[in-house]
Amino acid sequence: PIWIMCSPRGLTPSATMNADKFSRFYDDAPCFTIPGRTFPVDVLFSKTPCEDYVDSAVKQALQIHISHPPGDILIFMTGQEDIEVTCACISGSFL
């Protein structure tokens with residue numbers, strides 16, 4: 001048999017990590033700086049704790065959608081299941 005040994009490769013994007021320390025840990029792996037663009041962002045938080053944060057996020061996203069000019073809405077969720085449920089609820093709201 002023929003064995004081909006491939007060296008592991010990876011790309012780790014981050015805007016906040018200590019790139020020099022990370023590079024040294026991985027045997028002086030090369031670091032690249034990719035310039036980005038920034039856009040104005042409105043950050044909205046709930047004024048009170050919510051019992052069901054998925055439901056609250058869906059309701060808030062729909063409220064923003066109908067009350068603000070066109071734009072993107074970014075919702076941070078803690079796990080895959082929450083992401084899928086949130087997407088399903090929002091998609092179902094537009095059927």
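Quick look at the structure, then. Sequence order as written defines the numbering, with residues in each chain counted from 1. Thresholds applied to this predicted model are a pLDDT of at least 70 for local features of residues and 80 or more for the giving and counting of side-chain atom pairs; totals over whole chains, interfaces and linings are not thresholded and use all residues. Side-chain metrics in this entry use all non-hydrogen atoms of the structure; hydrogen atoms and water are not considered.

Examining the environment of N18
Numbering of helices and strands runs from the N terminus; a helix is a DSSP stretch of H or I covering at least four residues, while a strand is a stretch of E covering at least two. For N18, the location among the structural elements is in the segment before α1 (19-25). Each polar contact in these results corresponds to two N or O atoms within 3.5 Å; when the atoms are within protein, one needs to be able to donate a hydrogen and the other to accept it, and residues that are neighboring in sequence are counted only if both atoms are side-chain atoms. A distance of 3.3 Å separates a polar side-chain atom of N18 from the backbone nitrogen of D20.

Describing a nonpolar patch on the surface
Patch members must show over 30% relative accessible area and no salt bridge, and they are joined within 9 Å when carrying like charges or within 5 Å when they are nonpolar side chains of Val, Leu, Ile, Met, Phe, Trp or Tyr. Here the Shrake-Rupley method, with its probe set to 1.4 Å, supplies the accessible areas, and only the displayed protein chains count as covering residues. Salt bridge, as used here, is a side-chain nitrogen of Lys or Arg placed within 4 Å of a carboxyl oxygen of Asp or Glu. A cluster of nonpolar side chains, contributed by M17, F22, F25 and Y26, occupies part of the molecular surface with about 420 Å² of accessible area. With respect to the helices, strands and loops of the structure, Y26 is situated in the loop between α1 and α2 (53-67). The class for Y26 is partly exposed, based on a relative accessible area of 47%. When a residue's accessible area, from a 1.4 Å probe over protein chains only, is under 20% of the maximum for its type it is buried; when over 50% it is exposed; and in between it is partly exposed.

Some points on the packing of aromatic side chains
Here is the rule: rings of Phe, Tyr and Trp (six-membered ring for Trp) pair when centre to centre is within 6.5 Å. Planes less than 30 degrees apart are stacked, more than 60 are edge-to-face, and the remainder are tilted. On inspection of all chains with the given rule, the structure shows two aromatic pairs. Ring centres 5.0 Å apart and planes at 50° place the aromatic pair F22 and Y26 in the tilted group. Under the relative-accessibility criterion, F22 is labelled partly exposed at 31%. Taken together, a centroid distance of 4.9 Å and an interplanar angle of 80° make the contact between F25 and Y26 edge-to-face. Three or more aromatic residues joined by ring pairs make a cluster, and in this case those are F22, F25 and Y26.

Overview of the pattern of salt bridges
Inspection of every chain in the model, using the stated rule, returns one salt bridge. Of the charged contacts, one joins D55 and K59 as a salt bridge, the two residues approaching to 3.0 Å between their closest N and O atoms. A residue pair is termed a helical-turn pair when its members lie 3 or 4 positions apart in one helix, as D55 and K59 do in helix α2 at four residues. A relative accessible area of 33% places D55 in the partly exposed class. Residue classification places K59 among the exposed positions, given a relative accessible area of 54%.

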